[in-house]
Structure formats: structure tokens, C-alpha cells
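Fold and contact review
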Amino acid sequence: MKRQVLLVVALLAFACAKAQDDHVVTDPNYRIKKQARCPKLLVDLSTGINNNGGLLGAGLDYHFISDVSVHGGIGLLSTWGTKFYGGIKCHLRPCHTGWAFGGGYSYSTGIPEYSARFQTVNGTDEVVTLRYLPQSNVFAAGYRSWYVGHNRNRITLQLGYSISMTSRKYEQLSGTQLSKLGSSVAKFGSPGGFIAAFIFSLGT
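Analysis parameters
Residues numbered from 1 in each chain as written. Predicted model: local features only at pLDDT ≥ 70, side-chain atom pairs only at ≥ 80, totals over all residues. Heavy atoms only, no water. 1 Å grid on protein atoms, 1.4 Å probe; cavity = no way out; pocket = protein on both sides within 12 Å on 5 of 7 lines; lining within 4 Å. Points joined across faces, edges and corners; volume = space filled by probe spheres on them. Helix = DSSP H or I, 4+ residues; strand = E, 2+ residues; numbered from the N terminus. Nonpolar A, V, L, I, M, F, W, Y, C, P; charged D, E, K, R; others polar. Core = buried A, V, L, I, M, F, W, Y, C linked by side-chain atoms within 4.5 Å. Buried < 20%, exposed > 50% of the residue type's maximum accessible area, 1.4 Å probe, protein only. Contact = heavy atoms within 4.5 Å. Pairing = 2+ DSSP bridges. Axes fitted to C-alpha atoms, helices over the stretch in contact; angles between N-to-C directions. Polar contact = N/O pair within 3.5 Å; in protein donor to acceptor, adjacent residues only side chain to side chain. Phe/Tyr/Trp six-rings, centres within 6.5 Å; stacked < 30°, edge-to-face > 60°. Lys NZ or Arg CZ within 6 Å of the ring centre and 35° of its normal.

Considering all chains together, one arrives at two cavities of 30 Å³ or more under this definition. Here the largest cavity defines a volume of roughly 70 Å³. Taken together, Asp44, Ser46, Asn51, Asn52, Gly53, His71, Tyr85, Lys89, Gln158 and Ile199 form the lining of the largest cavity. Only strand 1 (41–49) and strand 4 (83–91) provide two or more residues apiece to the lining of the largest cavity. Here the lining of the largest cavity is composed, by residue class, of two nonpolar, six polar and two charged. Computed from the structure, the second largest cavity encloses a volume of approximately 40 Å³. Classifying every residue of the lining of the second largest cavity by side-chain character gives three nonpolar, six polar and one charged.

Put into C-alpha cells, the structure is as follows:
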């Protein structure tokens, strides 16, 4: 599965490289005036499940040619420490609205020390201390965007899938060994899986 996602990202990058620079709107159905300049840089605020930027993220989306943008940012609030991400998107309609497809990479720093009650091999809930380890992920996603208002702002819905490249999720620092159920609960918030996110972007 990891190879398939990496292959999709590589194909998207190759396809995007053939696009030509054109930031002028030619479709009168868009909210931005016909022949108006499309925003090349947007400031993103995002939230969602397995969102690139965690539970609350901030980033930039730079449209350097008509059909391609690169984006990156940081998770301000995340279940696995600070989260960083970067990726590329190929847009199917002018001015970066409608559908887009892309992929990228995310990195979560982990949490040095976390104490909580988990089920142990004794069959009881006990306080144990864990270290959540750094995690690397690759993702592929589809995006649907709309411009809102008259200031070149945009809303986007993202659906996709993220695959963990790191097998080990945590190490136990103290306490009784976790049971199978306790271990599953400890890993529950680790990055990876189905992505569903909402992004609000400020046009510049």
C-alpha cells in the first residue's frame, strides 16, 4: 500500500510539471470577476480527522503556476505532539477552484512524556507513563474548493488517506506492562488512516 501511495504522488508531480503559468480567470461563472487576478498565495486554517495540520492547523498554499500549488504548515493542536506537513496539488479548473488531487508528507514530533490510566496485563487500570514516538506519514487526497465572499477567500473539503511509515508508536517509561487492549488505546490517536478535513483560506 505504501508503494501505491508513493507512486500516486510521483505521477501527480509529473503531471503537474506539464502545466503552464496562467493566473487569470477566464471562466465568468467564478465568484471572482472575469479577467481578475487569481490569488497566488493563500493562508490556510484547517481542522478535521487525520488532518494534515492536526486538530487545528495553519499553513500556506502557494500557486506558482495555473494548475499546481504547493502547500505546507504546522499543527497548532494535535494528538501526537507538533505536526508539520508539506505537499503538492494539481487543480482541474481555473483559479484553483473545483476539484484538485495531490499528496505529500507529514511528520509528528511525538510527546516526550505522557501519564494516564491504561489497562495493564494485571487486568486493572493503572497509571503508566509513555513516550509517544515521532511519526512519519505519506498521504494522498482529493480536494473540493469554492471561493466565498468578494475578497478571494476560499473554503475546501479534503478527503484522503494517510499511511504511517513508522511501525513503533510508543515506548513505556514506567508502570506495569500494558495489556493488548491498553496498547490499542495508547495507539489510538497516532497519525494515519482516513482523512476528512475542512480548510478555510484567506486570499492575498
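Moving on, we get to the nonpolar core. Counting residues in each nonpolar core, the largest one holds nine residues, listed as Trp80, Ala116, Phe118, Val128, Leu130, Tyr132, Tyr170, Leu178 and Ala186. Those elements giving two or more residues to this core turn out to be strand 6 (111–119) and strand 7 (125–132). Looking at which element gives the most residues to this core, the answer is strand 7, with three residues. In contact with Phe118, other than residues within four places in its own chain, are Thr124, Asp125, Glu126, Val128, Leu130, Tyr132, Leu178, Gly182, Val185 and Ala186. Residues Phe139, Ala141, Tyr143 and Ile195 belong to the second largest nonpolar core, which totals five residues.

All right, on to the sheet that holds strand 10 (residues 170–174) then. Read across the open sheet, the three strands follow the order 6-7-10; overall the sheet is antiparallel. The outermost strands of the open sheet, each flanked by one partner alone, are strand 6 and strand 10. Averaged over all pairs of adjacent strands, the angle between their axes in this sheet comes to 40 degrees, without regard to strand direction. With seven bridges joining them, strand 6 and strand 7 adopt antiparallel strand pairing. If you follow Gln119 over to strand 7, its bridge partner there is Asp125.

For the rest of this paragraph, the subject is the side chain of Ser164. Position of Ser164 among the secondary structure elements: in strand 9 (residues 153–164). Among the polar contacts listed, one links the side chain of Ser164 to the backbone oxygen of Thr166, at a separation of 2.9 Å. Within the structure, the side chain of Ser164 is placed 2.8 Å from the side chain of Lys169, a separation counted as a polar contact.

Attention now goes to the packing of aromatic side chains. One pass over the full model with this rule turns up three aromatic pairs. The interplanar angle of 40 degrees and the centroid separation of 4.2 Å between the aromatic rings of Trp80 and Tyr132 together place this pair among those described as tilted. Placement of the pair is Trp80 in the loop between strand 3 (68–77) and strand 4 and Tyr132 in strand 7, with a sequence separation of 52 residues. Residue class for Trp80 comes out buried when judged on its relative accessible area of 1%. Ring centres of Trp99 and Phe101 lie 6.1 Å apart, and the angle between their planes is 10 degrees; on these two criteria the pair is classed as stacked. Residue class for Phe101 comes out partly exposed when judged on its relative accessible area of 37%. Site record: aromatic cluster; members linked through ring pairs are Trp80, Tyr114 and Tyr132. For Lys89, the ring lying beneath its charged end belongs to Tyr143, and the centroid distance is 4.6 Å.

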